[in-house]
Structure formats: C-alpha cells, structure tokens
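Here's the letter readout for the chains.
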Amino acid sequence: MIVFNVVLLAVAFVALVKGADFFVDGSSALARILKVPGVVIGLTVVALGTSLPELAVSTTAAIQGANEIALSNVVGSNFFNLLVVLGLCAVIHPVPVDAVILRRDFPLSFAATVGVLLAVALPAVTGGSFFTLGMEENAGLVFRAVGITLLVVFAAYIGYLIFDARRNKVEDDEGSSMPLWKCLVLLVIGVVLIIAGGKAVVYSARNIARFFGMSETLIGLTIVAIGTSLPELVTSIVAARKGEVSLAVGNVVGSNIFNLLFILGVSTSIHPVSVNAASIYDLAILTAVSVLVWIFSLTGRKVVRIEGCIMLLCYLAATAFAIVR
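Since we're looking at a predicted model, the values are computed, not measured.

Turning to the overall build of the chain, a few remarks are in order. Helix and strand content of the chain: ten helices and four strands. Reading the secondary structure of the chain in the N-to-C direction produces α-α-α-β-α-β-α-α-α-α-β-α-β-α. Taking all 325 residues of the chain together, 50% fall into the buried category. In the chain, the proportion of contacts linking residues at least 24 apart, taken out of those at least 6 apart, comes to 86%.

Shown next as structure tokens:
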C-alpha cells in the first residue's frame, strides 16, 4: 500500500508540472489574443483555475458539515501562496510587482483578510471568554450574512477587472501565433491535469502521513492546505521560469482574493462555518504576513531573493507553531 501511494505521489507531481506548463502557455497566449495585460489573466483565469482545488475541498467540507476544514483550508492556502509560492518565485528570480497590484489588489486582499478576522474574532473576544479557550474549542461562527457580503464584494471586484481590461487593452504588434481554440484546449487540459494531480497528491500524501502516525489535525493543517495550493505553486514557478513574472504575482494575489471572497463566501453561504480559537490566531498571523509581503513588494516594487528566503523561513516558523500548539 505504501509503495502504491509513493508511486501515485510521483505521477501526481508529473501531472501538476505538465498541467501548469500547458496552463501558463495557454494563459499567456490568451492574454495576447484578447490584448489584455498578463497580470489581468493571472488575477482572473489563472487564479480561478488554480483555486479550483480549494473550492472543491471547502465546498464539499461545508456541504458535509466539516466546517473547520472550509476555513482552515482557505487560511492555510493563503499562507502557502504568500510565503512559499511567492517566496520560491523570488528565490528563483527577483519578482517585480505591478504598480496596479500594489495599488488595487494587495489592499483588497489585506482588507478581506482583516474583514474575515474581525467577523470571527470580535464576537469571541468581546464575549470575554476567548482567552480562556483551548486551541480546538469552538470560538464562534462565520454567519451566512458574512458569506453573502464576501460574494457581493467579489462580484464587484471581478466586474471592475473586466471593465478595466476592456478600457486598457494592450497593443501587441507580434500578436499571438496560437489560435484561440488551441489556447482554450491548453487551458482545459492544464486545469484537468492540475486538479487531478492536486487531488492525487492530497490522497497519497494523507495515506503516507497516516502510515507514519501523523494526526488528522496536523494532516489538515499541512498536507490538505499545501496539496490544494500545489497548482498555484507549480503554475507560478513555471511562469517565473518562462519570464511571465506578472502572471506569477497575479496568480498568487488573485488566488488569495478568490480564496477569501469567493471560496469562503460560497462555503459560509451554504452553511455557517464554526471557528475554533486556533483559526482566529491563524487569521491574525495571516494578517501580519500579508503586511510583511506587502512591505516587501513596495520596496523597489519587487520581491528580491533575500526577501524570498525570509518568507520561506516565516512559513517554516508558522508551520512549527501549528505543530507544537
């Protein structure tokens, strides 16, 4: 059984890499055909495609009543995107950050994180009993009204992106040598391989972890969140290696916005999400991490290698905290 899971894990990684390769090629060609900036494609098409595993996991969890997974998956994925995906891209190649992302998308991602934190933390803290709770004890709910609000903000954001892209078309004398149908085929094949690979990685890694005696809680905090974020990781690294750095940054920031506004919005609209004390601490840490990465991006409008290394160390520290708490 363990041999089967190791082989499945290897095959899944191959599917992820090839799927990301197809997806980046199709996305960048689509951007040229539509004459929109690559960063917009990264914030929309690529971000949606690579966020499908999180959507599947969180929505299924909400339907089945496993509400904590719905929130912890989003928070864990955003941790991974900011610190590992962007950090590794910066280590491979210094990552310039588009001025529009700094002015529009980073602030929205940060505001959404703070908004969710306040929605879940204020009732618990003002109730007076929060600081006496154990990490796994229930600290409150994210109500349907919060989920609906997140979806409304998300719809407004996507509407603005479409309006802005139509208003600021990019003129490309070279155009795209790839026909539209081929772009769409590459996108579909890429998404299928990425989602299938991500699901296979989570399945096999969970079985391997159980074989070595890891707890379900630790598996959820690490393997599930990392597994559903592998599409962002592989797609962004492939994009960085191909020189599509704006696509890589747009993918990370766009995926975080999708996770917070759309995925959490859908999950909480289906069923109010219960929150334990540990999740509130995780949201507070995610808020601090968002500020750190935003500051790194503002300095010189790029994330350099040393900052990428610091981000990777921060992820290791946050994971260690999750293990020992």
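On we go.
Let's shift gears to the packing of aromatic side chains. On inspection of all chains with the given rule, the structure shows five aromatic pairs. Considering the side-chain rings of Phe110 and Trp294, the 5.8 Å spacing of their centres and the 45° angle between planes classify their relative orientation as tilted. A residue pair is termed long-range when its members are at least 10 positions apart, and Phe110 in helix 4 (residues 99-126) and Trp294 in helix 9 (residues 277-298) qualify at 184 residues.

Our next topic: a nonpolar patch on the surface. On the surface, Ile33, Leu34, Leu180 and Leu184 cluster together to form a nonpolar patch covering roughly 320 Å² of accessible area. Going through the elements one at a time, helix 1 (2-34) and helix 6 (180-211) are the ones with two or more residues in the nonpolar patch.

A complete count under the given rule lists one salt bridge for this structure. Measuring nitrogen to oxygen at the nearest pair gives 3.0 Å for the salt bridge that ties Asp105 to Arg104. Across the pair, exposure class does not vary: Asp105 and Arg104 are buried alike.

So, about unusual backbone geometry. Non-glycine residue Arg301 carries a positive phi angle of around 55°. Looking at where Arg301 falls in the secondary structure, it is placed in the loop between helix 9 and strand 4 (302-303).

About the criteria used
- Residues numbered from 1 in each chain as written.
- Predicted model: local features only at pLDDT ≥ 70, side-chain atom pairs only at ≥ 80, totals over all residues.
- Heavy atoms only, no water.
- Helix = DSSP H or I, 4+ residues; strand = E, 2+ residues; numbered from the N terminus.
- Buried < 20%, exposed > 50% of the residue type's maximum accessible area, 1.4 Å probe, protein only.
- Contact = heavy atoms within 4.5 Å.
- Phe/Tyr/Trp six-rings, centres within 6.5 Å; stacked < 30°, edge-to-face > 60°.
- Patch = residues over 30% accessible without salt bridge, like charges linked within 9 Å, V, L, I, M, F, W, Y side chains within 5 Å.
- Areas by Shrake-Rupley, 256 points an atom, 1.4 Å probe, with all protein chains shown as cover.
- Salt bridge = Lys/Arg side-chain N within 4 Å of Asp/Glu carboxyl O.

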